[in-house]
Amino acid sequence: MTATEVTILDKTFVPYITEQEIADRVADMAAQINKDYEGRKPLLIAILNGSFIFAADLFRGLHIDAGISFVKLASYLGTSSTGKVVTAIGMDANITDRHIIIVEDIIDTGKTLHEFLPEIYGRNPASVSITTFLSKPSALQYDVKARYTAFDIENKFVVGYGLDYNGLGRNLPCLYILKDRSE
Ligand SMILES: O=P(O)(O)OC[C@H]1O[C@H](OP(=O)(O)OP(=O)(O)O)[C@H](O)[C@@H]1O
Ligand SMILES: Nc1nc2[nH]cnc2c(=O)[nH]1
């Protein structure tokens, strides 16, 4: 892996989790899912954009019968008192009675999934679990629990492996974290 820092626009990031560490953890997660979902033909629903690389790597590690579908969540400022409204674009798969595994790149505050989960439950799936590449436990503000988490990380901004800073950095093969000004 590249052990040097990278600058994206106005911010500098330093290496945080290596490609090998990522590959090993994702392989472990896939093995666990293979075991837990044997015979249940789960449907993975990956939340775009950030999860596309994690979803591809995880999916390739599944040897059980499994499907995958993608949704993009668009946020709008609504006029209702709930404030943010999340609309799922591409929720065309019939998920009734299916075992659903939601695939996220990161759970930060948990707001995105907190708002999306009712949409999933409203379609009467057989079961729902969440798998996430990253989680920031100290940033969590909603009651959202992932069954599978590759890495719990500190509450700082990260990029790479699908995650962006202002649209850039998604193609970095490992994970980078915002450099402290003091470093
Ligand atoms: O737990 P939360 O605080 O809601 O944050 C997590 C969400 O933030 C990121 O999405 P983002 O809005 O950056 O869109 P992107 O995936 O298209 O980059 C990420 O993909 C999660 O969906
Ligand atoms: N790229 C990126 N997107 C996020 N969305 C929520 N938290 C993060 C983060 O730390 N990095």
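All of the points below concern the structure found in this document. The structure presented is a predicted model; accordingly, all values stated were derived computationally and were not measured. (Residues numbered from 1 in each chain as written. Chains lettered and ligands numbered in written order. Predicted model: local features only at pLDDT ≥ 70, side-chain atom pairs only at ≥ 80, totals over all residues.)

A word on the overall build of the protein chain. Regarding its fold elements, the protein chain presents three helices and 10 strands. For the protein chain, the N- to C-terminal ordering of α and β elements is β-β-α-β-α-β-β-β-α-β-β-β-β. In terms of overall dimensions, the protein chain is globule-like: its C-alpha atoms have a radius of gyration of 17 Å, near the 16 Å expected for 183 residues. By the burial criterion, 30% of the 183 residues in the protein chain qualify as buried. Long-range pairs, those at least 24 residues apart, make up 67% of the contacts in the protein chain between residues at least 6 apart in sequence. (Helix = DSSP H or I, 4+ residues; strand = E, 2+ residues; numbered from the N terminus. Rg over C-alpha atoms; globule rule 2.2 N^0.38 Å. Buried ≥ 20, exposed ≤ 12 C-beta atoms within 10 Å, placed from the backbone. Contact = placed C-beta atoms within 7 Å.)

Time to look at the pairing of strand β6 (residues 99–107). For β6, the tally of buried residues reaches eight of nine residues, placing the bulk of the element in the interior. Of the pairings in the sheet, the one linking strand β3 (residues 43–48) to β6 comprises four bridges and is parallel in character. In the strand pairing of β6, Ala 46 is matched with Val 103. Two elements, β6 and strand β7 (residues 127–135), share eight bridges in a ladder whose sense is parallel. Paired with Val 103 across the bridge in β7 is Thr 131. In this fold, the crossover linking β6 to β7 by way of helix α3 (residues 111–121) has right-handed handedness. (Pairing = 2+ DSSP bridges. Right-handed = clockwise from strand over helix to strand, strands pointing away.)

Taken together, 13 residues lie around ligand 1, and Asn 49, Gly 50, Asp 108, Thr 109 and Thr 112 are the ones closest in. Ranked by the residues each element gives to the shell around ligand 1, the list is headed by β6, at four residues. Looking at the shell around ligand 1 residue by residue, the class counts come to three nonpolar, five polar and five charged. (Near = placed C-beta within 6 Å. Nonpolar A, V, L, I, M, F, W, Y, C, P; charged D, E, K, R; others polar.)

Turning next to the environment of Met 29. The residue Met 29 is located in helix α1 (residues 19–36) in this model. By the C-beta count within 10 Å, which is 22 here, Met 29 ends up buried. Look past the residues within four positions of Met 29 in its chain and what remains in contact with it is Leu 58, Thr 131, Tyr 148 and Ala 150.

Take the site of ligand 2 next. With respect to spatial proximity, the complete set of residues near ligand 2 consists of Ile 106, Asp 108, Phe 157, Val 158, Val 159, Leu 163, Asp 164 and Tyr 165. Taken together, the residues of the shell around ligand 2 break down into six nonpolar, no polar and two charged.

This brings us to the nonpolar core. One finds Phe 54, Val 103 and Tyr 161 to be the most contacted residues of the largest nonpolar core, which totals 39 residues. When residues in this core are grouped by element, the largest group, six residues, is from β6. Among residues more than four places away in sequence, those in contact with Tyr 161 are Ile 22, Ile 53, Phe 54, Phe 133, Leu 172, Pro 173, Cys 174 and Leu 175. (Core = buried A, V, L, I, M, F, W, Y, C linked by C-beta atoms within 7 Å.)

What follows is about the environment of Asp 92. Position of Asp 92 among the secondary structure elements: in the loop between β5 (84–89) and β6. The class for Asp 92 is exposed, based on 9 C-beta atoms found within 10 Å. Measuring from C-alpha to C-alpha, the distance between Asp 92 and Val 71 comes to 8.7 Å, with 21 residues separating the pair along the chain.

Below, the discussion takes up the packing of α1 against helix α2 (residues 52–60). The interhelical angle for the contact between α1 and α2, taken along N-to-C directions, is 55°, at an axis separation of 8 Å. Viewed along their axes, α1 and α2 adopt a mutual orientation that is oblique. Of the two possible hands of crossing, α1 and α2 adopt the one that is right-handed. On the side of α1, the interface is formed by Val 26, Met 29 and Ala 30, while α2 contributes Phe 54, Asp 57 and Leu 58. (Axes fitted to C-alpha atoms, helices over the stretch in contact; angles between N-to-C directions. Parallel < 35°, antiparallel > 145°, perpendicular 65-115°, else oblique. Left-handed = near helix turned anticlockwise from the far one by under 90°.)

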